[in-house]
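The primary structure of each chain is shown beneath.
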Amino acid sequence: TTVKTYGKASGLFPKNTRILDVGAGLGLGADEMRKNGHSVDTVEPLSARWSSSTPRTFETIDQATEKYPGIVNFSVLNVVEPKLRDQIVDGIGQRLADGGTAYITARTRSDVEGAKNKRPANEAGGYWIKKSGGDVYQKGFSTPELVGYVQTRLGDQFKVKPASGL
């Protein structure tokens, strides 16, 4: 679960920040940020396991039209294939307000490479991992690789650097 990561991230934003949670999963992380005084909109395409008492705000990032001073995307980029990953990062860049901050995390390469029942995907470091519900995509990132990828997608108008404490 990433709820602890959301709790840590809550303290990195100024109080009462309007935040967009891209890839909100169960919605529990957004709930954690709300408990810490933030206003949170969520993007989550998969509703089957939604557990938050607050309804999802958006099913896709394209439905969010305003700019947000804070955006979070925790352990999502590692579970989506390259084309969708590009769309997510591009969407984050389009929805981040001037002077805003986005926090993005992904599983590490060693986490993903240590998985059992995997077969290589068409992307370096990417795998299809057999689960009981079917194969799932995973790609691990080193910190420099994640920073470089996000910087390349967003361009020079964004300052991308590793965050500590998440």
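Okay, so let's go over this structure.

Quick notes on the rules
Per chain, the residues get numbers from 1 upward, laid out in the order the sequence is written. Under the rules for a predicted model, residues below a pLDDT of 70 receive no local features and side-chain atom pairs below 80 are neither given nor counted, while totals for whole chains, interfaces and linings still include all residues. As a convention, hydrogens and water are excluded, and side-chain values are obtained from all of the structure's heavy atoms. Helix and strand definitions here come from DSSP, where helices need a minimum of 4 consecutive H or I residues and strands a minimum of 2 consecutive E residues; each element is numbered from the N-terminal end. Computation of the radius of gyration draws on C-alpha atoms alone. For the globule rule, the value is 2.2 Å times the number of residues to the power 0.38. The buried label applies to any residue whose accessible area, calculated with a 1.4 Å probe on protein chains only, is under 20% of its type's maximum; exposed applies above 50%, and partly exposed to all values in between. Whether two residues are in contact is decided by their heavy atoms, any of which lying within 4.5 Å being enough. Surface accessibility in these figures is a Shrake-Rupley result with a 1.4 Å probe; residues are shielded only by whichever protein chains are displayed. A positive count includes Lys and Arg, and a negative count includes Asp and Glu. His and the chain ends are not counted in either. For this purpose, a charge sits on NZ of Lys, CZ of Arg, CG of Asp or CD of Glu. Definition used in this section: a nonpolar core is a set of buried Ala, Val, Leu, Ile, Met, Phe, Trp, Tyr and Cys residues joined via side-chain atoms within 4.5 Å. In this scheme, a helix's expected span is set at 1.5 Å multiplied by one less than its residue total. Directions are taken from the helix axis to each C-beta atom, and the arc is the one they span. Note on pairing: DSSP must find at least two bridges between two strands before they are called paired. Convention adopted: a line fitted to C-alpha atoms gives each axis, helices being fitted over their contacting stretch, and angles between N-to-C directions are expressed from 0 to 180 degrees.

## Here we look at the overall build of the protein chain
Here's step 1: Looking only at helices and strands, one finds 5 helices and 7 strands in the protein chain.
Here's step 2: Counting from the amino terminus, helix and strand elements in the protein chain follow one another as α-β-α-β-β-α-β-α-β-β-β-α.
Here's step 3: For 166 residues, the compact-globule formula gives about 15 Å, and the C-alpha radius of gyration of the protein chain, at 15 Å, lands near that figure.
Here's step 4: Counting only C-alpha atoms and orienting by the principal axes, one finds that the protein chain spans roughly 45 × 40 × 30 Å.
Here's step 5: Per-residue burial over the protein chain gives 40% buried out of 166 residues.
Here's step 6: If you take every contact in the protein chain between residues at least 6 apart in sequence, the share linking residues at least 24 apart comes to 54%.
Here's step 7: Entry remark: accessible area of the protein chain is about 9200 Å², with carbon and sulfur atoms responsible for 50%.
Here's step 8: Of note, the protein chain has its 23 positive side-chain charges centred 5 Å away from the centre of its 18 negative side-chain charges.

## Section: the nonpolar core
Here's step 1: Core analysis: the biggest nonpolar cluster contains 21 residues, and Leu 20, Val 22, Ile 71 and Ile 88 have the highest contact counts within it.
Here's step 2: Top element by residues in this core is helix α5 (residues 143–154). It accounts for 4 residues.
Here's step 3: The residues touching Val 22, leaving out its near neighbours within four places in the chain, are Val 43, Ile 61, Ile 71, Val 72, Asn 73, Val 76, Ile 88 and Ile 92.
Here's step 4: Residues Phe 13, Ile 19, Met 33 and Phe 74 belong to the second largest nonpolar core, which totals 10 residues.

## Regarding α5
Here's step 1: Over its 12 residues, α5 runs 16 Å from end to end, which matches the ideal 16 Å to within 8%, given 1.5 Å per residue.
Here's step 2: Every buried residue of α5 is accounted for by Leu 146, Tyr 149, Val 150 and Leu 154. Considered in projection along α5, the buried side chains sweep an arc of 120° and stay on one side of the axis. Residues of α5 that are exposed and angled more than 90 degrees away from the buried face: Pro 144 and Thr 152.
Here's step 3: Taken together, the buried residues of α5 touch α3 (82–95) and β4 (96–105).

## So, the sheet that holds strand β2 (residues 39–43)
Two modes of strand pairing occur in sheets, parallel and antiparallel, and in both the strands are linked by backbone hydrogen bonds.
Here's step 1: Strands sit in the order β2-β1-β3-β4 across an open sheet of 4 strands; the sheet is parallel. What marks the edges here is a single partner per strand, and that holds for β2 and β4. The sheet shows a mean angle of 20° between the axes of neighbouring strands, direction not considered.
Here's step 2: Pairing of strand β1 (residues 18–22) with β2 involves 5 bridges; the strand directions are parallel.

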